[in-house]
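Here's the letter readout for the chains.
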Amino acid sequence: MSKQPIGIFDSGVGGTSIWKEIHALLPYENTIYLADSANAPYGPKGKDAIIALSEKNTEYLLNQNSKIIVVACNTATTNAIKHLRKKYDVPFIGIEPAIKPAALQTQTKAIGILATKGTLSSELFFNTSQLYSNGIEVIEQEGEGIVQLIESGNINSEEMKALLKIYLKPMLNANIDYLVLGCTHYPYLIPQLLKMLPKHIKIIDSGEAVARQTKAILKQLNLLNIADVKPDLKFYINSNPKVMSQLLNNNFEVNQKDF
């Protein structure tokens, strides 16, 4: 079973930021990445629709013999992972905004969270926020429109810069010193954010933590692939593959597939 792939899905191309961290930490693991871009973004769809889409992706990955499934989507994690864990007999790794490290380390007692509507309105996000944000001002900002711009290849557009300025303004006014990125698409904005934010503000995303957790669970279940051979890395998308190829630096074949 150790040679079976790690299955990874996201509402689109953003979860490739998570795939990169997993591949860097576990270079011998075979992986299958599923970008459900035809249905992106998941955020506005409502819990039932998000669960149905997550089931569809999970079943595709299980049919490809995935030994573990990484839900590389904050919205799908916060709305569907509890259901997925009950329904399917496979380990799931989820993604939550990194509120805890930001809340524990903030000096200004103010942190910003940029996330999708589906994440910010979820029960899991609410519970995590309540647990760690006592005595801290949390500026929640829905990143409306960001996922669509990234999915359409407009990461560095003027429209993106204008949106980010609007979304960051209330956070800067509140004197945040940590910005939590609560969507796997958003790490692709870090170069721009670094130019727009004062130097003392630290940006946190969940990628490294998810990769470490994936490795820990595989090790615990004796499923690590330690064979020193070139891994089989598959990328599937149900819309135009061009943007995903670019985000992967055109180093990998991205196959368009209906699923």
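Before reading further, recall that the structure is shown in the block above.
Residues numbered from 1 in each chain as written. Predicted model: local features only at pLDDT ≥ 70, side-chain atom pairs only at ≥ 80, totals over all residues. Heavy atoms only, no water.

Would you take a moment to explain the overall build of the protein for this structure?
Across its full length, the protein carries 11 helices and 10 strands. By the compact-globule yardstick of 18 Å for 259 residues, the protein fits well, its C-alpha radius of gyration being 18 Å. Looking at the protein residue by residue over its 259 residues, the buried ones come to 54%. Taking the intrachain contacts of the protein between residues at least 6 apart in sequence as the baseline, contacts between residues at least 24 apart amount to 74%. Within the structure as shown, the protein displays about 12,100 Å² of accessible surface, and the carbon and sulfur contribution to it stands at 48%. Within the protein, one finds 26 positive and 24 negative side-chain charges whose respective centroids are separated by 4 Å. (Helix = DSSP H or I, 4+ residues; strand = E, 2+ residues; numbered from the N terminus. Rg over C-alpha atoms; globule rule 2.2 N^0.38 Å. Buried < 20%, exposed > 50% of the residue type's maximum accessible area, 1.4 Å probe, protein only. Contact = heavy atoms within 4.5 Å. Areas by Shrake-Rupley, 256 points an atom, 1.4 Å probe, with all protein chains shown as cover. Lys, Arg positive; Asp, Glu negative; His and termini not counted. Charge placed at Lys NZ, Arg CZ, Asp CG, Glu CD.)

Explain the sheet that holds strand 8 (residues 202-204) to me, please; I cannot follow it from the model alone.
Taken together, four strands build an open sheet; the order of strands is 6-5-7-8 and the sheet is parallel. Two strands lie at the open edges of the sheet, namely strand 6 (137-142) and strand 8, each paired on one side alone. Put simply, the sheet's adjacent strands are angled 20° from each other on average, direction ignored. Pairing of strand 5 (residues 110-115) with strand 7 (residues 178-182), which is carried by five bridges, proceeds in the parallel orientation. (Pairing = 2+ DSSP bridges. Axes fitted to C-alpha atoms, helices over the stretch in contact; angles between N-to-C directions.)

Before we go on, may I ask you to explain the environment of Ile139 in this structure?
With respect to the element layout, Ile139 can be found in strand 6. Put simply, Ile139 and Ile190 are 51 residues apart on the chain and 19 Å apart in space, counted from C-alpha to C-alpha. With residues near it in sequence (within four places) discarded, Ile139 still touches Ile111, Gly112, Ile113, Pro170, Met171, Ala174 and Ile176.

What exactly am I supposed to notice about the side chain of Thr58 here?
Relative to the helices and strands, Thr58 is located in helix 2 (residues 47-63). Thr58 gets classed as buried once you look at its relative accessible area, which sits at 0%. There is a polar contact of 2.8 Å between the side chain of Thr58 and the backbone oxygen of Ser54. In contact with Thr58, not counting residues within four places along its chain, are Phe9, Ile69, Leu84, Tyr88 and Phe92. (Polar contact = N/O pair within 3.5 Å; in protein donor to acceptor, adjacent residues only side chain to side chain.)

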